[in-house]
Amino acid sequence: MDYFGNPIYTYSLKQGIDDGFLAPYKVIKVTLDRDAEGWRPEEGKRDTTGLLVEDRMYNTKDFDRNLVIKERTERVAKKVSEFLRATNRMDKTIIFCVDIDHAERMREAIANENRDLYAQNTKYVMKITGDDELGKNELDNFTNPEEPYPVIATTSKLMTTGVDAQTCKLIVLDSNIASMTEFKQIIGRGTRIREDFGKLFFTIMDFRNVTALFADPDFDGDPVQIYAPGSDDPVMPEDDGNEEIIVDNETGEEILIDPPGVEGGGNIVDGPARKVYVNNVEVVVVNERVQYYDHGTGRLITERLTDYTKKTVQQQYHSLDEFLTRWTNAGKKTAIIEELEEQGIFFENLQEQVGKNLDPFDLICHIVFEQPPLTRKERADNVKKRNYFTKYSEQAARVLNALLDKYADEGIENIESNKILSLQPISEFGTPAEIVGFFGGVDQFKKAIQELEDKLYIAA
């Protein structure tokens, strides 16, 4: 721009979203205590090799570059997995990590959090980096909307540009990104719309406050000029002595070269600095907020999770009576739950904040309409007290009691599942055909389930 002058015309992200060409987004910002407060090792703390950990304060710039906290990686993987369980575990996801080592550790942590799906297909989560031929060979499958696997890709730099991930619905930022150009490129992985695959928006889950760059007026404006050397300045900016980044021309992967390390006695050590790995460090989530794109201003609006839930639900259900009527008349309660999840209501996260085993019905009534909630166990116990099972045969009554216990443990979604008759402990009563026979047939069984749900949500 210095040479040619200002562009004749620009087309911004805001315009693209408003015109329907680009997908809108929402941001979930998750703050971990170690990121917010830093971490200082206790006296005598040793790393996984048995060496003493240097006594100083470590922060997000250190994490996964100089210092690896195993529990931090696990906590990030757990939050990502919770989000996917609340939305769709088969949604294409890219997790941007600090480096290749971090990407591999994140792959392992995601696999551990999703053992069931990983056991079905090990390509559920894959590391796709410049050094990994197996992962690079799967890149086309990841970006192909017709291919279900891989579902989750962990990467560092390889997928920031030139990757047309048309159906990517979740972008996870667990890397320290200061470059506006790189940030724009990463966000661009999610902006494609594919209506035929249900891709109308995407979510950014930010663990390192990278999305603070959204507040930069340049984000939605002109390209950012990172460095403008004067006549006497070097062509490239001088580094700060902390790191050097080179690009592998063959893979496009950025390779971090750390400066020489310093041993405890002050002696310079040839080669890259040693990365320190530590275990048994407690890491917890201290804050979780939702940001969403405001079409009127083109800005991100930040709200607490509970406030966002209240506002979003009340846009659809203006009163408690309206919500109760819809819930009561719904053939399947899961249809309402899924509808709210698509609007960014995260029931697992809300349950964590409330601290009780409430099902989505009580979470909405309590958080949105300020009603006293009942736990799932309390609702199940209330139904058992009414003793309405006496009109059923002994075998049918035992099945309904087991379904109530299943609800108390896992929620309404399981009762309405088509697979419920094949799941423990219901399957112990016989084959699906035998169990349905206890009620006199399929229609009578469905009617019994509907009545059970009605009894569950009768006011205590």
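Residues numbered from 1 in each chain as written. Predicted model: local features only at pLDDT ≥ 70, side-chain atom pairs only at ≥ 80, totals over all residues. Heavy atoms only, no water.

Student: Tell me about the pairing of strand β7 (residues 202-206), and name the residues and values.
Tutor: β7 sits mainly inside the fold: five of its five residues count as buried. Of the two faces of β7, the one carrying Phe202, Ile204 and Asp206 and the one carrying Thr203 and Met205 are both buried. With five bridges connecting them, strand β1 (residues 25-32) and β7 associate as parallel partners. Residue Val27 lies in a different strand from β7, and its bridge partner there is Ile204. Pairing between strand β6 (residues 168-173) and β7: four bridges, direction parallel. Pairing of Leu173 across the sheet is with Asp206, part of β7. A crossover links β6 with its parallel partner β7, the connecting element being helix α8 (residues 180-187), and its sense is right-handed. (Buried < 20%, exposed > 50% of the residue type's maximum accessible area, 1.4 Å probe, protein only. Helix = DSSP H or I, 4+ residues; strand = E, 2+ residues; numbered from the N terminus. Pairing = 2+ DSSP bridges. Right-handed = clockwise from strand over helix to strand, strands pointing away.)

Student: Could you give an account of the packing of helix α14 (residues 376-386) against helix α18 (residues 442-456), naming the residues involved and the relevant values?
Tutor: Here α14 crosses α18 at 110 degrees, and the two axes come no closer than 9 Å. In terms of their interaxial angle, α14 and α18 are classed as roughly perpendicular. Contact with α14, carried on its side by Arg379, Ala380, Val383 and Arg386, involves Leu452, Lys455 and Leu456 of α18 and no other residues of that element. Along the lines of polarity and charge, the residues of the contact of α14 with α18 split into four nonpolar, no polar and three charged. (Axes fitted to C-alpha atoms, helices over the stretch in contact; angles between N-to-C directions. Parallel < 35°, antiparallel > 145°, perpendicular 65-115°, else oblique. Contact = heavy atoms within 4.5 Å. Nonpolar A, V, L, I, M, F, W, Y, C, P; charged D, E, K, R; others polar.)

Student: So, the side chain of Glu82: which residues are in play, and what are the values?
Tutor: Relative to the helices and strands, Glu82 resides in helix α3 (residues 70-86). Overall, the relative accessible area of 4% leaves Glu82 in the buried class.

Student: Explain the environment of Arg194 to me, and be specific about the residues and the numbers.
Tutor: Structurally, Arg194 can be placed in the loop between α8 and β7. A sequence separation of 171 residues divides Arg194 from Ala23, and the C-alpha atoms of the two residues are 9.0 Å apart. Apart from the residues lying within four places of it in its own chain, the contact partners of Arg194 are Pro145, Gln166, Thr167 and Lys199.

Student: Please give an account of a nonpolar patch on the surface that cites residues and values.
Tutor: Together, Ile8, Tyr9, Tyr11 and Phe21 make up an exposed nonpolar region whose accessible area comes to about 570 Å². Relative to the elements of secondary structure, Tyr9 occurs in the segment before α1 (13-18). Classification of Tyr9 as exposed rests on a relative accessible area of 60%. (Patch = residues over 30% accessible without salt bridge, like charges linked within 9 Å, V, L, I, M, F, W, Y side chains within 5 Å. Areas by Shrake-Rupley, 256 points an atom, 1.4 Å probe, with all protein chains shown as cover. Salt bridge = Lys/Arg side-chain N within 4 Å of Asp/Glu carboxyl O.)

Student: Quick one: what's the story with the pattern of salt bridges, residue by residue and with numbers?
Tutor: Tallied over the entire structure, the rule returns 30 salt bridges. A salt bridge links Glu54 to Arg56; its shortest N-O distance comes to 3.8 Å. With a closest N to O distance of 2.8 Å, Asp116 and Arg89 form a salt bridge. Residue Asp116 is located in helix α5 (residues 115-120), and its partner Arg89 is located in the loop between α3 and β3 (92-96); the two are separated by 27 residues in the primary sequence.

Student: Can you break down the nonpolar core residue by residue, with the values?
Tutor: What tends to happen in soluble globular proteins is that the nonpolar side chains get buried as a cluster. Among the nonpolar cores identified, the biggest contains 85 residues, and Trp39, Val80, Met205, Phe323, Phe439 and Leu452 are the most heavily contacted of them. The element best represented in this core is helix α15 (residues 394-410), accounting for nine residues. Ignoring anything within four residues of it in the chain, the contact list for Val80 reads Ile95, Ile110, Leu170, Val172, Met205 and Phe207. Listed in part, the 28 residues of the second largest apolar core include Tyr25, Leu158, Ile204 and Val210. (Core = buried A, V, L, I, M, F, W, Y, C linked by side-chain atoms within 4.5 Å.)

Student: Tell me what's going on with the environment of Thr73, and back it up with residues and numbers.
Tutor: With respect to the helices, strands and loops of the structure, Thr73 is situated in helix α3. Each C-alpha atom, one on Thr73 and one on Met106, is 6.3 Å from the other, the two residues being 33 residues apart in sequence. If we skip the residues at most four places from it in the chain, Thr73 touches Asp64, Arg105, Met106 and Ala109.

Student: Any details on the packing of α3 against helix α12 (residues 347-354)? Residues and values, ideally.
Tutor: Interaxial distance between α3 and α12 falls to 8 Å at its minimum, and their mutual angle equals 120 degrees. If you check the angle between α3 and α12, you find them oblique. Contacts between α3 and α12 involve Lys79, Glu82 and Arg85 on the former and, on the latter, Glu348, Asn349 and Glu352. When the residues that make up the contact of α3 with α12 are grouped by side-chain class, the tally is no nonpolar, one polar and five charged.

Coordinates in, geometry out; function isn't part of it.
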